[in-house]
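# Topology and contacts: notes
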Amino acid sequence: MTMNSQGRPSAAGVSESAELPTISGDRGLDHEEALIFELGRKGVTGVDLPETQIAHERLGGLKRKAPIGLPGLSEPEVIRHYVRLSRMNYAIDSGLYPLGSCTMKHNPRLNEKMARLPGFGDVHPLQPQKTVQGALELISELMRWLTTLTGMPAVAMSPKAGAHGELCGMLTIKAALEARGENRKRVLVPSSAHGTNPATAAVAGFTVDEVPATDDGHVDADALEAKLGPDVAAIMLTNPNTCGLFEPRIKEMADAVHKAGGYFYCDGANFNAIAGRVRPGDLGVDAMHINLHKTFSTPHGGGGPGAGPVVLSAALAPFAPLPLLMHDDNGFRLIEDEADLPEGAKPFGRMCAFQGQMGMFVRALSYMLSHGADGIRQASEDAVLSANYILASLKDVMSAPFGEGPCMHEALFDDTFLEGTGVTTLDFAKAMIDEGYHPMTMYFPLVVHGAMLIEPTESESKESLDRFIHVLREMALEAKAGKTARFEGAPRLAPRRRLDETRAARAPVLRWKPKDLPQAAE
Amino acid sequence: MTMNSQGRPSAAGVSESAELPTISGDRGLDHEEALIFELGRKGVTGVDLPETQIAHERLGGLKRKAPIGLPGLSEPEVIRHYVRLSRMNYAIDSGLYPLGSCTMKHNPRLNEKMARLPGFGDVHPLQPQKTVQGALELISELMRWLTTLTGMPAVAMSPKAGAHGELCGMLTIKAALEARGENRKRVLVPSSAHGTNPATAAVAGFTVDEVPATDDGHVDADALEAKLGPDVAAIMLTNPNTCGLFEPRIKEMADAVHKAGGYFYCDGANFNAIAGRVRPGDLGVDAMHINLHKTFSTPHGGGGPGAGPVVLSAALAPFAPLPLLMHDDNGFRLIEDEADLPEGAKPFGRMCAFQGQMGMFVRALSYMLSHGADGIRQASEDAVLSANYILASLKDVMSAPFGEGPCMHEALFDDTFLEGTGVTTLDFAKAMIDEGYHPMTMYFPLVVHGAMLIEPTESESKESLDRFIHVLREMALEAKAGKTARFEGAPRLAPRRRLDETRAARAPVLRWKPKDLPQAAE
Amino acid sequence: MRYLPLTTDDRATMLAKIGAHDIDVLFRDVPKAAVFPRSVFDLPDTQGELEVDRALSRLAAKNVSAGSAPFFCGAGAYKHHVPSAVDHLIQRSEFLTSYTPYQPEIAQGTLQYLFEFQTQVALLTGMDVANASLYDGSTATLEGVLMAQRITRRPKAILSGGLHPHYAETVETVAGLSGTIVRTPVTPGKAEDIAALIDDQTSCVVVQSPDVFGMIRDLRPIAEAAHAKGALLIAVVTEIVSLGLLESPGAQGADIVAAEGQSIGVGLNFGGPYVGLFATREKFLRQMPGRLAGETVDAEGRRGYVLTLSTREQHIRREKATSNICTNSGLCCLAFTIHLSLLGEEGFTRLARINHARACALAETLTTVKGVSLVTPNFFNEFTIALPRDAASVADELADKGIIAGVRASRLLPHDAAVKNMLIVAATETNTDADIKDFATALAEVLS
Amino acid sequence: MRYLPLTTDDRATMLAKIGAHDIDVLFRDVPKAAVFPRSVFDLPDTQGELEVDRALSRLAAKNVSAGSAPFFCGAGAYKHHVPSAVDHLIQRSEFLTSYTPYQPEIAQGTLQYLFEFQTQVALLTGMDVANASLYDGSTATLEGVLMAQRITRRPKAILSGGLHPHYAETVETVAGLSGTIVRTPVTPGKAEDIAALIDDQTSCVVVQSPDVFGMIRDLRPIAEAAHAKGALLIAVVTEIVSLGLLESPGAQGADIVAAEGQSIGVGLNFGGPYVGLFATREKFLRQMPGRLAGETVDAEGRRGYVLTLSTREQHIRREKATSNICTNSGLCCLAFTIHLSLLGEEGFTRLARINHARACALAETLTTVKGVSLVTPNFFNEFTIALPRDAASVADELADKGIIAGVRASRLLPHDAAVKNMLIVAATETNTDADIKDFATALAEVLS
Ligand SMILES: Cc1ncc(COP(=O)(O)O)c(C=O)c1O
Ligand SMILES: Cc1ncc(COP(=O)(O)O)c(C=O)c1O
C-alpha cells in the first residue's frame, strides 16, 4: 500500500533494525512523499479559472490535439507536497552551512520583501523607459556600489550568474584584443581553478593552458610568468584563491600579464573575504565577476538564480555588452542598440535578453545599504576571522595542507589525518550530516588530496563555531582512534542514506513516465 | 557540552539504544535548540537603531533603573532559532490533522496575502472614519455573508474568539431578560458541552444546570424540557453536537425554551458541517458564535488568534454590544457611544477595545468570496462525507458508540475496542504520532468513555483518507491481536517522547530564570 | 473549487462505501423545514484568486494606511516598524497551521516559544510569572479585575480615569455584573486622588501608565495605599515599548499587570488581532487566567515543555474555571516574541529612547503653533495637546490635508465636555522629521 | 550590525586563539598598496531596516507596476497572475536558503522537485528529457545552438527572423564566435522561407513560435526540411502558456526546445531572474547542457534522487564540458513547478484558452480604432498591430494616459524601417474588459 514506496521496495524503518517499522512508512514528523504525478488525478485543480468559449480561434490550425498529461491537484495537496519536500532539505536557516567557495551566509528577509515591491517585481523589461526610472536608478546605484567597492571604473550588469559573468569578462577581453587587431588564443588557468573557469574560456573560444600550484597553495607565479607570451589573451585567477589564500604575488602576475599584452580576469567568487578592505582594481584586475548570490547574500535558492555583474578596468570598459545604462538630463536611459551608443563604446554584443537579474539587484542593494561600507568591511573581517578560528582550532587534529599561515574566509584541510583510518573524506563528510551539519565542500580544489574546504561565513556566532569545532574535533579523534562506527555508511539519520549515484548515471531515469503509475491505494 | 542539554541530563541518542549517540546531540535534520536566554549575550542585537540623545527627558522621574534582562541575538540567530523550533511542530500543511471539534482545514495563502494589504493591516482602529471606509465596508460585507448564511438578522462582530462570542451571546441574553425586567439565573448546558459553555455561563453570572445525554449521543430533550422553568435564562446547545451528531429534536427544544421564556444559545463551533445547507435561524437559534478560525479557515496559529462573531435573532439584536456599524448617505460609520444610538438599540456594553479581529475578518471574507455560496455548501458536504467515510471504514475494527446513524463532520469512537488490550486511548493516540499523524481529539466529549473524535475536514483527498484509514485499521487490529509494542511508550519517533505533565504541574517552571544560565561552551 | 480535493468520482465511491445513495441521506436529522435550497442565498458563487484579490484590494485601497501618510494616532494602538523577519517566520507552515499544543511531543516549537514569551513578559513587566496571552489589553484588564475579585473576595474595583475608556467599558460590562466598578473622574495631565477611594470592599485599583492621555503615572503611592487596605494594584500598559525606558510596574508594586502587546511584532490591523499580556506574582499563580507553558522532561529525561496547570482552565474545571478563554492570541505571541528577540536589551531600550525623543520633538514643534498647548507635562511617546477649538473638526481638516493627526479625546470620552478640544498625539520611530514638520505646518494652517 | 553575530569580545577571544594580535595580521598577504583605509569609500554606513525600506520603496514608487495600470506588454515576458501559494512556498527557508543539492541525503526536497520540474517541461514541450533549467530563454536558445553545433559538427545556424531579437543577438554573440549565424529577413505576420537556406553545413534552424510578433509558426515543414539535410530544429517558445492550446514543438518535430518559463510562477521582475527551459530527445541526452536530477535508490533500497550525468558538466569536465553553467535558476524552477502543479492539466489548458480569448477580444477591439490594422492573422495571446504613425510616440502618449500599451517593434528592431509603426500587444488573464476598453479609447484619442 501507500504511495510512498511505489515502484520501489519500501524499506521504511529498516534503517533502525532494532525498531518496529511504522505501518504508514512515515516516521513522526518525517513524511515520505510521492511524486505529484502519483498524487494527482483528473478533475481536480488548484486554480479556479472560468471555462471560456472562443468564437473564432486564430491558432492557424496548430491547436493541440493530445492532452499534455499534467496531474491535477487541489491547493491543499500542493501546499502539503512542497512543505513535506522542504522538510527533507538542509538550509542556512536551520544550521551552519560550511560549503567552501559557496559563501552560504545569512539571507536577510528584508531583501526578499524589497524585491517583491510591485515597483520592482511587477515591472516589465520593455515598458516605456519613462515608466521605470526608479528601477533604472536602482541599477545605477548598485553599479555605484560595485564600482566603488572594487575600485573599477565600469560594470556590466546583465550576466546572470558567476559563470555567465566569466563569459562576459572573457568576451570583453576578446573584443579588446580584436580591437587591437590581435587574435590571441591562449588563456592561463591555474589547476586549482573552479571548473567554470576553463569551461568558460573554452566557450569563449580560447584554449586553456593550466598553471600548476605551488606546495603552499598558491598559483606558481614563476610558472605562470614563464608561460606568458604573445598568444596569451589572459590569465584567469581566483583571488583569494580556491585554497582560501590570498595570492601574495598577485600584483606581480597582473603586471606580468599586462606587460605581455594580455589581460587579467579575476574570478571574484571569493570577494567576501576582502570586500571593503581590498579593491581588486588596485591589484591590476581587468575584469572580475561578482557573485551577488555569494558576497551580497541573494539566496542560493537550491541552485539559483544568481547574478554575476562584471566590473571592468578602463582598458576593457568600452567593450561592455549591451544594454548600457546612461544618465542625462532626461533621466536614466538604457542603450539597447549600436545606433545609440555613447562616444567610444564598442559593445561586443549581448549576453542575454533584457537587462539582467533585477530581482537580485534589489536584494544586493538592500544588503549593501543595510550593511553600509563599514558593515561590509566588518563582514569580510568576521568571515576571515571565523575561518582562521576554525583553522586554528582544528589544525592539530585534522590536517591543514597550508595550515601555518593565516587563511582568508575559508579553511582548507586535506585527508592526511584520515590516512590509515579507513575513513575517507566522503565518510567524514557524510558523518557530519548525522551530527546536524551540512558537509563542507569536498574534493575541491583538485590540487589537494581529499580536500575539505570549510567556509563558515560571518553569519555564525562564536558559540556556533565552538559547537562545530567541538564536533569536528571529536570526529577526527574518533577516526584516528579507530572508532569508525559513525563513519561507516553514514549518514544514518538523514531522510535518505547514501544514494546510488552510479546506478543513476548508468541507466538514467530523468523524468517520471506514465508506466510508473501507482496502483490505486488498497 | 553543547547548549542542547543545558540544565538537564542529555539523553540524545538514548532513544535508539542500538544506535550510536551523536556527538552534537542533533540528529540529521533534527536540531535541538536552546532557549533564547541561553543563546543570547550582551552587545548584540538583531535590529539596528541609532543611539539617541534626549536633551530634556519628560519621564516624570520614573525612568527605568535596572536592565530588563533581555538576551541579545543577531538576526541570523533569531531566524535559525525559530526555524528550528518550527520544525518540531506538526501542522495542517504537513499532514492530516483530525482534531475533532477544531476544524483543522486548509488555510489558503491568498487570505494571508489579503490580510497584509496595507489598507487592512496598516490602519489604526481610531483613525478618522472617513479614512477607513474600505475597512468598514469589508466588515459590512462580512456581516452580510454571516447573516445570510445563518439566516439571522444581526451579528455582533467584536468577539475575539469562540468563548468570547459565547460571552457576548450570553450577555445579550442577560440584557434582553433585564429589559423584560426578569432576572433569570439558570442556564441549561448539556453534559457533552465544551468547557467554554459552562465557564462562559458562569462568567456571565448565570448558574449552570447540566442536562444529560441520551444513549445515542444526543441531548436528552425530555430531560431538558423537564428542567425548563421561569428561572431558566437560556439553553446552551451545540449543534451539530460535540458527538458529531445533528440534534434531531433541536427545533422542539428551541420551541420549548422559547415557550418557557428563555433563549436558545447555540455553540456554532461545528458550523462547518452545515454551512450553506442549514440556517441556524431556521432552527430557532437566538444567538450563535461562529469561529472564523474553524469554519472560515483563519489559521489556528498554534492557539490563536481567532474571531467569534455572534449572530443574533430579532429578539436579541437590539442588545448587541458597542460598537455598531451603520451605513447612511455619508458612508459607513461606527457607533461607539450610547449617545449616538440608532432607534431601538440598547447595547449591553462593550466586549473589548476597538471593533474586533479585522485581520481575521479579511481572511474569512477572502475565504467566502473564494468558495462562494456553492463552494461553502460543497465544503460542508465534503466534510460530512469524509467523516462518514471514516466512520464506515473503521467502525468494524474500532468502536463507534453511536455508530449506526450517519454522523456530521466528525466521527466519534470510544475505547471499547481497546478493552482488555492494555492499550489506552492515550497510547493509541500517541502511536498515531509515530505513524506521521496528529492524534484525534481525545477524552472529549466527556459523555463517552475514552472518546476519540475524528474530524477530517473537507481538505483531505480520498487517497489521504484511505491511507489514514489503513493505518488506523492496522493499529486497531494489532492492538486487538495483542501486538502492543508500538503503543507502549509511544511516541518513539517524535522530537520528544511522552512528557512528564505531573512534574510540570507539581513544581511549575513557567519561565527561564538567570540561575539556569549555561556554563560557557567547552 | 481549488480548495476541495474530492472529485465527483471520489464522492460517489465514498457514498457507496457509506451505503448512502445521496449526500442528503447524511443530513437526514436536519428538520425538513430547515433544509433550504441553494437558491435562497443571495451570495455569489466560487471566484478565482485574481477576482478575489481584485475585490479586496479595491476595498483596501479605500483606506489611508498608516505608512502612507504622516501618522500620529495612538491611544491604545501604535504604529511601529516590524522587522521583515517577523512576518516571514510567523508564516512558517508549522507555526501558522498548527493548533493549540495539546500534543506536546509534536508541538515543542510552539511550547518553547510560549515559554520564552512568558519569560519575556515577566521580565518586561517586572513580575514573577506571565501567561501565554489573552485576547488583548482590554480583556486582559478585565481578567485582572475578575482575578482580583476572586483573590480578595471583594466586589469593588476602582478604575483610574486615566484608564483607556474602552478598557474601562470592557471591565464594567463584565466585572460590573457581580461587582461594583468605580471610575474616578479625570483631568487630563493630572493624577487623580485614588487612595481616598480605596476601602475594605475594594478588590483592586486599576491604573494605566502612561495613561490614555500619555501621562506617566507614579504607581508607587497607589500600590502602597491599595496594599494598606488589602487591595491589589492592577497596572495597565497600552504601549509596551514604554517599558524600555520606564520603571516596570512590578518594581512599582503592581500585583497584576495587564498590557497590550500590539506594538511589538503585531501591527495595527484596524484593532485586531492584538495580544493581551498578563503577568502577576507567583503567589497568585493558581488564580491566573489563560494557558501556561511549563518546563518538564520527557520519558528519556530530555528537557521539554507542556501546557500546564490546566486545572485552572475551562476544559477541565468548566464553570469553576479561572476564565472561559480557550483560543488566545497564539500567533501574535509568536510575532511579539520574535520581534523582542530581535530587539534584545539593546534594541528594545534604544527603541524606547527613540520613541521618547520623537515625541519630545513633536511636542516641542506642535506647541510652537499658536493656540496649541501641551496638556501632559510628562509622557513617553504620546501626549495630549489642547487646541483652540473642537479637536474633531481640526483632526478632520488635517485628514483632508493628508495628515492623520492623532485621536481626538472626545472620541473616547464623548460625555466629557472638558476634553472636547483635546487631541491625543503619538510619535514613534516611524515618524520622520519631515512628518513632524508637515504636521505642524498643516496644524498652523488649519488653526489660522 | 544586525546581521553579524560576533561581539567585540568574541573577536578578541578568537584573535587570541589564532595568535594574531590584530585582524590586519590575517590580511598580511595583501600588497600594502592595495590596503586602503575605510575613508576612501564614498558610501554610507550601516542603516536600519526602516531606512533601507524607505529608500528602496521610494525608488520602487517611481515605476509604473504592471498591476497598477491597463497593461499590454509582452515580447518575451508576460504579466500573469501567480497564485499566492507559490510565493509562500518558495520562501520556505529550506528551499530559499539551501545550495545546489550536492548532498542528496539532505536535499531530497530540491532534488525531487527538480525531477518533477524536468518531467513537466518534457510533457509541455513534447520532448523526452528536460534539464533542471538554464538562466533564461535567450541563453537556453544559445545553448541549443551550441549543442546542435556539437552534435552535427557543423558551424552554421539559421535563425528565423521571427526569433526574439534579443535571443538572436545572444546567439550571435557567442555561437557566432566559432560558427556562422544567418538571420533570415522578416516580414511581420508572414512566415519566411527557411527551407531554402538549409544546407549541409547547417547545424540547426532556430524558429520561435509564436514568434516575436505573436504569429504562430508551423514548425512541421521546417522540421522536415532540416531533417532532410541532417540539421536539427530548435524550437523556441517565449510564452510557455501557449503550449496549453498549441501543438507542442515535440509533436511538430523539434529536436531541441528552448523556452522561457517566466510566465508560470516567476513574475516580471524587470527582466530577471527568469527560468530557461531546455528539452531534447533522449538520443541527445549526453550533449545536453545544465544539471539533471535523476532517480536512484539509497543504501536501503528506498527511492531517492541525485544530480546525475555530471560528467557533462564543468566541475568534472572543465574545458570539455557541454556548458560552463553552474548556478542556474533553481528557485524559479520551484516557482514554475509549483504554479504548474496548482494549475494541472485543467487549469493550464483553461488558462491558455482564456489568454487566447482575451487576445482575440483585444485584437477585435483595437482594430475597430481608425487607422489600426492587425498584422498577425494568427496568434496566441499576443499580436502586432500597425498604426498610422510611429509606434514609439503612440506608446509614449498612451503611457502618459496611464496605459502601458505594449512593446513597439522598433525597440527590438531599430534598423528595420518597416516595423516603425508596429506595436506588439499582449493580453492575458489579468486584463479585464475595462482594460481593453480603456486601451481602445485612449488609442483612438491619441490617433485622432
Ligand atoms: C570559485 C568559483 N568560481 C566560479 C563559480 C561559478 O559561479 P556561478 O555558480 O554563479 O556560475 C563558483 C561557484 O560555484 C565558484 O565557487
Ligand atoms: C465546541 C466548542 N465550543 C467552543 C469552543 C471555544 O472556541 P474558542 O477556542 O474560539 O474560544 C471550541 C473550541 O475549541 C469548541 O470546540
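What this report covers is the structure whose coordinates are included nearby.

Cut-off values and rules
Residues numbered from 1 in each chain as written. Chains lettered and ligands numbered in written order. Predicted model: local features only at pLDDT ≥ 70, side-chain atom pairs only at ≥ 80, totals over all residues. Heavy atoms only, no water. Helix = DSSP H or I, 4+ residues; strand = E, 2+ residues; numbered from the N terminus. Contact = heavy atoms within 4.5 Å. Phe/Tyr/Trp six-rings, centres within 6.5 Å; stacked < 30°, edge-to-face > 60°. Buried < 20%, exposed > 50% of the residue type's maximum accessible area, 1.4 Å probe, protein only. Lys NZ or Arg CZ within 6 Å of the ring centre and 35° of its normal. Near = heavy atom within 4 Å. Polar contact = N/O pair within 3.5 Å; in protein donor to acceptor, adjacent residues only side chain to side chain. Areas by Shrake-Rupley, 256 points an atom, 1.4 Å probe, with all protein chains shown as cover. Pairing = 2+ DSSP bridges. Axes fitted to C-alpha atoms, helices over the stretch in contact; angles between N-to-C directions. Least-squares fit on C-alpha atoms with pLDDT ≥ 70 in both. Buried area = accessible area lost by both parts, 1.4 Å probe. Salt bridge = Lys/Arg side-chain N within 4 Å of Asp/Glu carboxyl O.

Looking now at the environment of Ala-34 of chain C. Residue placement: Ala-34 of chain C occurs in the loop between helix H2 (23-26) and helix H3 (49-60). Once you skip the residues sitting within four places of it in the chain, Ala-34 of chain C turns out to touch Arg-277, Val-278, Arg-279, Asp-282 and Leu-283 of chain B.

Within the structure shown, the criterion is met by 28 aromatic pairs over all chains. Aromatic side chains Phe-379 of chain C and Phe-383 of chain C sit 5.0 Å apart centroid to centroid with 50° between the ring planes, which places their arrangement in the tilted category. Residue classification places Phe-383 of chain C among the buried residues on the basis of a relative accessible area of 0%. Judged by centre distance (6.0 Å) and plane angle (50°), the ring pair of Tyr-99 of chain D and Tyr-102 of chain D falls under tilted. In this structure an aromatic cluster arises from ring pairing among Phe-271, Phe-296 and Tyr-367 of chain A. A cation over a ring is seen here: Lys-174 of chain B above Phe-206 of chain B, with NZ or CZ 4.5 Å from the ring centre. The ring centre of Phe-27 of chain C lies 4.1 Å from the NZ or CZ of Arg-277 of chain B, which sits over that ring.

Before going further, it helps to spend a moment on the site of ligand 1. Close to ligand 1 lie 15 residues; Ser-101, Asp-267, His-293 and Lys-294 of chain A together with Thr-327 of chain D are nearest. At ligand 1, the nearby residues belong to more than one chain, namely chains A and D. Asp-267 of chain A has a polar side-chain atom sitting 2.5 Å from a nitrogen atom of ligand 1. The contact in question runs from an oxygen atom of ligand 1 to an N or O atom on the side chain of Thr-327 of chain D, over 2.5 Å. About the coverage of ligand 1: the protein hides 99% of its 390 Å² of free accessible area. When residues in the shell around ligand 1 are grouped by element, the largest group, 3 residues, is from helix H6 (residues 162-179) of chain A.

We now examine the sheet that holds strand E12 (residues 407-408) of chain D. Residue and element names in this part refer to chain D. One open sheet accounts for 4 strands, arranged E10-E11-E13-E12; its pairing is antiparallel. Looking at strand neighbours, the two that pair on one side only are strand E10 (373-374) and E12, the edges of this open sheet. Pairing of strand E11 (residues 382-386) with strand E13 (residues 422-426), which is carried by 5 bridges, proceeds in the antiparallel orientation. Residue pairing across strands places Phe-383 opposite Val-425, the latter belonging to E13. Helix H11 (residues 330-366) rests against E10, E11 and E13 of the sheet, and its axis sits at about 10° to E11.

For the rest of this paragraph, the subject is the relation of the copies chain C and chain D. Turning chain C through 180° and shifting it by 0.0 Å along the axis lays it on chain D, with an RMSD of 0.0 Å. When the rotation and shift are considered jointly, the pair of chain copies conforms to a two-fold rotation axis. Among all C-alpha atoms of chain C, that of Arg-92 of chain C lies closest to the rotation axis, at 3.6 Å. Of the residues that chain C buries at the interface, 100% are likewise interface residues in chain D, meaning the two copies contact each other through the same surface.

The partner chain D presents 17 residues to the 17 residues of chain C that form the contact. Carbon and sulfur atoms make up 43% of the area that chain C and chain D hide from each other, which totals about 1,300 Å². The largest per-residue losses of area from chain C upon contact with chain D belong to Glu-49, Leu-50 and His-81 of chain C, which jointly make up 36% of the total buried on that side. Linking chain C with chain D are 2 salt bridges, by the criterion used here. With a shortest N-O distance of 2.7 Å, Arg-92 of chain C and Glu-94 of chain D are connected by a salt bridge. Inspection of the region where chain C meets chain D yields 8 residue pairs in polar contact (both at pLDDT 80 or more).

This part is about the pattern of salt bridges. This model, assessed by the stated rule, comprises 131 salt bridges over all chains. When the shortest N-O distance is used, the salt bridge between Arg-279 of chain A and Asp-282 of chain A registers 3.2 Å. Of the residues examined, Asp-282 of chain A reaches a relative accessible area of 24% and is grouped as partly exposed. For the salt bridge of Arg-186 of chain B with Asp-209 of chain B, the shortest nitrogen-to-oxygen distance reads 2.7 Å. Note that Arg-186 of chain B is positioned in strand E2 (residues 186-190) and Asp-209 of chain B in strand E3 (residues 207-211), a separation of 23 residues in sequence. In terms of burial, Arg-186 of chain B and Asp-209 of chain B fall into one category: buried. Residues participating in the shared-partner salt-bridge network are Arg-87 of chain A, Arg-87 of chain B, Arg-92 and Glu-94 of chain C together with Arg-92 and Glu-94 of chain D.

Right, let's talk about the sheet that holds strand E10 (residues 411-413) of chain A for a bit. One key point about sheets: their strands pair by backbone hydrogen bonds, in either a parallel or an antiparallel sense. Residues and elements named next belong to chain A. Strand order in the open sheet formed by 3 strands is E10-E12-E11, and the pairing between neighbours is antiparallel. For this open sheet the edge positions go to E10 and strand E11 (441-442), each flanked by a neighbour on one side alone. Where E10 meets strand E12 (residues 452-454), 3 bridges bridge the pair, whose relative direction is antiparallel. When the sheet's bridge partners are listed, Leu-412 is paired in E12 with Leu-453.

A few words on the side chain of Ser-191 of chain B. Summarising the element assignment, Ser-191 of chain B is placed in the loop between E2 and helix H7 (196-203). Judged by relative accessible area, which is 15%, Ser-191 of chain B ranks as buried. Every residue in contact with Ser-191 of chain B, bar those within four places of it in the chain, is listed here: Glu-210, Val-211, Pro-212, Ala-213 and Val-447 of chain B together with Arg-318 of chain C.

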